Structures are given as structure tokens and as C-alpha cells.
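# Close look at the chain arrangement
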Amino acid sequence: PVINTIIAGLSAIALLLFVYFSTTITVRAMVPTGFVDDVTRLVTEQRYKDAADLCRHHRNIFVASIVQRCIENASKDHSLIMDILDTEGRRRADILWNRISYLADVSNVAPMLGLLGTVLGMIKAFFTLPSGPDSINSRILSAGIGQAMATTMFGLIVAIVSLVFYSLVKGRATGTLAEAERVTHKIADHMKDAQVAMGAGGLGTEG
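Everything quoted here is computed from the prediction, not taken from an experiment. (Residues numbered from 1 in each chain as written. Predicted model: local features only at pLDDT ≥ 70, side-chain atom pairs only at ≥ 80, totals over all residues. Heavy atoms only, no water.)

## Notes on helix 1 (residues 2-24)
Every α-helix carries 3.6 residues per turn, so stepping three or four residues along brings you back to the same face. Between the first and last C-alpha of helix 1 there are 33 Å, a value that for 23 residues agrees with the 33 Å anticipated at 1.5 Å per step. All of the buried residues along helix 1 are Ile3, Ile7, Leu10, Ala14, Leu17, Phe18 and Phe21. (Helix = DSSP H or I, 4+ residues; strand = E, 2+ residues; numbered from the N terminus. Expected span 1.5 Å × (residues − 1). Buried < 20%, exposed > 50% of the residue type's maximum accessible area, 1.4 Å probe, protein only.)

Structural data, given as C-alpha cells:
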């Protein structure tokens, strides 16, 4: 009963994680159109301070901290900005993947707990048999072994379901991160265009 209770708890955790990731790992949540449009407009107008303040105000958005790091280094060379973007994006993505890996951990732990419960159940079934060669009751033995094997089956079911949840969330995360990368690179390109325009304006003024 203890092992089965733990496996049941893992199944509940896997379900809650799946629901949480399904609602939070979306383009709408991680790369909202309104936020991206506002930041792009401010960057195009070279209002970098306002753009950075907007990112700080929306720290809960996935791309906000990545864009903020780029904006805070807007005066630097574009290649350096791209390096900062890739580094910050990788850091944020690693945090996301670590959270998702909890589902994979559940799918690994559940069958091992089921096997542990089976071994303990079979040991208990054998040791509770009456002593003596003629006293083995096949009905008692089969019932004990059946209950023990049911624990392994329960653990395998939870593991399979958790692995399916992990695969679904992983696919969604991959698509969402690709969209976040596209958006952040687009904003960085707008910053580059603004720098080029500023440089061209300065040269025109000198002439």
C-alpha cells in the first residue's frame, strides 16, 4: 500500500505538471504579440530606456529578459549583441528544459517503484506461508504474487502516461522556443537597422 500510494502521488504530480506546462508553454504566454509589438515599436524609435523598462515590468514573460539584455547593450556592436542574445536565450531555455524534465523523471521513477513493490510483495507472500513441505497453499501464494505484480503494472502505466505527457510538452516547447528565437532575432535586427540609420544620419550631418 505504501508503494502504491507513492506511485499514485507521482501520477497526480505528472498530471498537474502536464496541465501546468500545457497552459504556460505557449506562444501566447511566452511570446505575446502585444508585448513584442510594443518593444519593436520602441526599439524602432530608439527609445531604448522605455523598451528596457517595459521588459522589466513584464519579467514574467519568457522573451522579456532576453530582449532586455539586448536593449541594455544597444550601443555595442551588433555581433556582441547577438552573442548576448544567444547566451541569455540558452540560459532561459535551459531553465525551461529542466522544469520539463520532471515529467521524464516521473516516468523513470514510477516503474522502479513498481518493481520494488513487487519484490517486497513476493517476499512477504513467501515468508507468510506456513512452514513445512506439505503446508503450501497455492491459493494464498498466487494471491500474494498477483497483488505484488499489480504494483509493477501500476508503475508501468504511470510511467507510460508520464512519458507521453513529456513527449507532448517537449514538442510544444520546441516550437515555442523556435518562435521566441525568431522574435528576439527580429528585434535585434531592428536595433541594428536603428544603429545604421543613426550612423548614416551622423555622416549626412557632417557632410
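Now that the structure has been shown, we can carry on.
## Thoughts on unusual backbone geometry
In this structure, glutamine 46 is a non-glycine residue whose phi angle is positive, near 60 degrees. Looking at the secondary structure, you find glutamine 46 in the loop between helix 3 (33-44) and helix 4 (48-57).

## Focus: the packing of helix 5 (residues 62-72) against helix 6 (residues 78-127)
At a minimum axis distance of 9 Å, the contact between helix 5 and helix 6 shows a crossing angle of 155 degrees. It follows from the interaxial angle that helix 5 and helix 6 lie roughly antiparallel. Along this stretch, helix 5 crosses helix 6, giving a crossing that reads as right-handed. Where helix 5 approaches helix 6, its residues Phe62, Ser65, Ile66, Arg69 and Cys70 are matched on the opposing element by Ile81, Ile84, Leu85, Glu88, Gly89, Arg92 and Ala93. Its residues assigned to classes, the contact of helix 5 with helix 6 shows seven nonpolar, two polar and three charged. (Axes fitted to C-alpha atoms, helices over the stretch in contact; angles between N-to-C directions. Parallel < 35°, antiparallel > 145°, perpendicular 65-115°, else oblique. Left-handed = near helix turned anticlockwise from the far one by under 90°. Contact = heavy atoms within 4.5 Å. Nonpolar A, V, L, I, M, F, W, Y, C, P; charged D, E, K, R; others polar.)

## What to know about the packing of aromatic side chains
For the coordinates displayed, the defined rule picks out two aromatic pairs. Residues tyrosine 20 and phenylalanine 21 carry aromatic rings whose centres are separated by 5.6 Å and whose planes lie at 55 degrees to one another, so their mutual orientation is tilted. Residue classification places tyrosine 20 among the partly exposed residues on the basis of a relative accessible area of 44%. (Phe/Tyr/Trp six-rings, centres within 6.5 Å; stacked < 30°, edge-to-face > 60°.)

## Description of the layout of surface pockets
Each pocket or cavity is described by its volume, and for the second largest pocket that value is around 290 Å³. If you go around the second largest pocket, the residues you meet are Tyr20, Phe21, Thr24, Ile25, Ala29, Met30, Asn60, Phe62, Arg92, Ile95, Leu96 and Arg99. Broken down by element, the residue count for the lining of the second largest pocket peaks at four residues, all from helix 6. The residue makeup of the lining of the second largest pocket, split by class, is eight nonpolar, two polar and two charged. (1 Å grid on protein atoms, 1.4 Å probe; cavity = no way out; pocket = protein on both sides within 12 Å on 5 of 7 lines; lining within 4 Å. Points joined across faces, edges and corners; volume = space filled by probe spheres on them.)

## Digging into the nonpolar core
If you look at the biggest cluster of nonpolar residues, it comprises 51 residues, and the most contacted ones within it are Ile25, Phe35, Val39, Val43, Ile71 and Met191. Of all the secondary structure elements, the ones that give two or more residues to this core are helix 1, helix 3, helix 4, helix 5, helix 6 and helix 7 (138-206). Top contributing element to this core by residue count: helix 7, with twelve residues. Non-local contacts of isoleucine 71, meaning those with residues more than four positions away in its chain, are made with Val39, Val43, Tyr48, Ala51, Ala52, Cys55 and Met191. (Core = buried A, V, L, I, M, F, W, Y, C linked by side-chain atoms within 4.5 Å.)

## Thoughts on the side chain of threonine 151
In this fold, threonine 151 is placed in helix 7. In this structure, threonine 151 is in contact with Ile3, Asn4, Ile7, Leu113, Gly114, Gly117 and Thr118, ignoring residues within four places of it in sequence.

## Focus: a nonpolar patch on the surface
Among the surface-exposed residues, Leu115, Leu116, Val119, Leu120, Ile123, Phe126 and Phe127 lie close enough to one another that they form a single nonpolar patch of about 700 Å² accessible area. Take leucine 120: it is sitting in helix 6. (Patch = residues over 30% accessible without salt bridge, like charges linked within 9 Å, V, L, I, M, F, W, Y side chains within 5 Å. Areas by Shrake-Rupley, 256 points an atom, 1.4 Å probe, with all protein chains shown as cover. Salt bridge = Lys/Arg side-chain N within 4 Å of Asp/Glu carboxyl O.)

## Digging into the side chain of threonine 176
With respect to the helices and strands, threonine 176 occurs in helix 7. Leave out the neighbours within four places in its chain, and threonine 176 touches Ile25, Thr26, Val27, Met30 and Val31.

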